[in-house]
Amino acid sequence: NRSVGDPNVRTAPPVPGAPSQVPVNTADASSAVGSSNTEKGFNFLLAQGFTDIQAAAILGNFIAESGMEPNIESSFPGEESFGIAQWNPASNRRQQLEEFASTRGLDYRVLETQLQFFYYDFSTLSPGFFGYNQFKQMTNINEATDYFCDKYERPAAAHANKPRRRANALRVLE
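Rules and cut-offs
- Here the residue index of a chain counts from 1 through its sequence in written order.
- Confidence filtering applies because this is a predicted model: local features only for residues at pLDDT of at least 70, side-chain atom pairs given and counted only at 80 or more, and all residues used for totals across whole chains, interfaces and linings.
- Just so you know, side-chain values use all the structure's heavy atoms and leave hydrogens and water out.
- Confidence scores here are pLDDT values: one per residue, from the predictor, ranging 0 to 100.
- In what follows, residue pairs with any heavy atoms lying within 4.5 Å of each other are defined as contacts.
- Each pair of aromatic rings taken from Phe, Tyr and Trp, with Trp reduced to its six-membered ring, is defined by centres within 6.5 Å and is described as stacked if the planes are under 30 degrees apart, edge-to-face if over 60, and tilted in the remaining cases.
- Elements are defined by DSSP. Helices are runs of H or I of four residues or more, strands are runs of E of two residues or more, and each kind is numbered from the N terminus.
- Only protein chains enter the accessibility calculation, which uses a 1.4 Å probe; a residue whose area is less than 20% of its type maximum is buried, one above 50% is exposed, and one in between is partly exposed.
- When the NZ atom of lysine or the CZ atom of arginine is within 6 Å of a ring's centre and also within 35 degrees of its normal, the charge is said to sit over that ring.
- Definition used for salt bridges: Asp or Glu carboxyl oxygen within 4 Å of a side-chain nitrogen of Lys or Arg.

(A) Representation of the confidence of the model for the chain within the structure. Looking at the chain, the pLDDT average stands at 86 and 85% of residues meet or exceed 70. Every residue in residues 1–24 scores below 50 in pLDDT, and together they form 27 contacts with partners more than four places removed in sequence or on other chains.

Here you go:
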């Protein structure tokens, strides 16, 4: 965990009834620049220390999940998964996204907030569960894409479509 002196730790805006100056681990979204959501995501991930291969593997999965559209809800009846990673409320992940945004005065429906939440979720909230340290060692685009699919996205086998995710990741690198 980061400490108060870390430049990547932001202070939440005052919320009535909440303690003031609560440090929150939030990656700076100012690096999310580009002409497309994919380019913004790529630049954001590079700024967080991911390699181009790792960033492409993540984005290849996000493209498969949502087309990189932050305000998209699952088309599967009754599922209600949401956002670029299709965070599912059945596993409390959508609620975690919404709470992350709320405690930081951010809008959970925008790309930059979702990128910040993803980084927090993957690297800080549950890095062991999602295999963050192992992923950070990966240098092969196909292996990284499959690993991220299996460990972070966790789609039902019938919906994984790993060849499509790999192709997406390769296109990100072009």
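(B) Layout of the packing of aromatic side chains. One pass over the full model with this rule turns up 21 aromatic pairs. A ring pair is formed by phenylalanine 50 and tyrosine 132, whose centres lie 6.3 Å apart and whose planes are at 85°; its orientation type is edge-to-face. Taken as a pair, phenylalanine 50 in the loop between helix H1 (37–47) and helix H2 (52–66) and tyrosine 132 in helix H6 (residues 132–135) lie far apart in primary sequence, 82 residues in all. This pair shows no difference in class: phenylalanine 50 is buried, exactly as tyrosine 132 is. Note on phenylalanine 129 and phenylalanine 130: the rings are 5.2 Å apart at their centroids and 70° apart in plane angle, and the pair reads as edge-to-face. The lysine or arginine in question, arginine 104, covers the ring of tyrosine 120, its NZ or CZ lying 5.2 Å from the ring centre. Stacked on the ring of tyrosine 108, the Lys or Arg arginine 109 has its end atom at 5.5 Å from the ring centre.

(C) Molecular detail of the pattern of salt bridges. Enumeration over the complete set of coordinates arrives at 7 salt bridges. Between aspartate 146 and arginine 166 there is a salt bridge, with its nearest N and O atoms 2.9 Å apart. One end of the pair, aspartate 146, is in helix H7 (residues 141–153); the other, arginine 166, is in helix H9 (residues 162–173), and 20 residues separate them in sequence. In this structure aspartate 146 comes out as buried when scored by relative accessible area, which is 17%. For the salt bridge of aspartate 150 with lysine 162, the shortest nitrogen-to-oxygen distance reads 2.7 Å. Of the two residues, aspartate 150 is situated in helix H7 and lysine 162 in helix H9; the sequence distance between them amounts to 12 residues. Aspartate 150 gets classed as partly exposed once you look at its relative accessible area, which sits at 41%. A single salt-bridge network, built from bridges that share partners, covers Glu73, Arg94 and Glu98.

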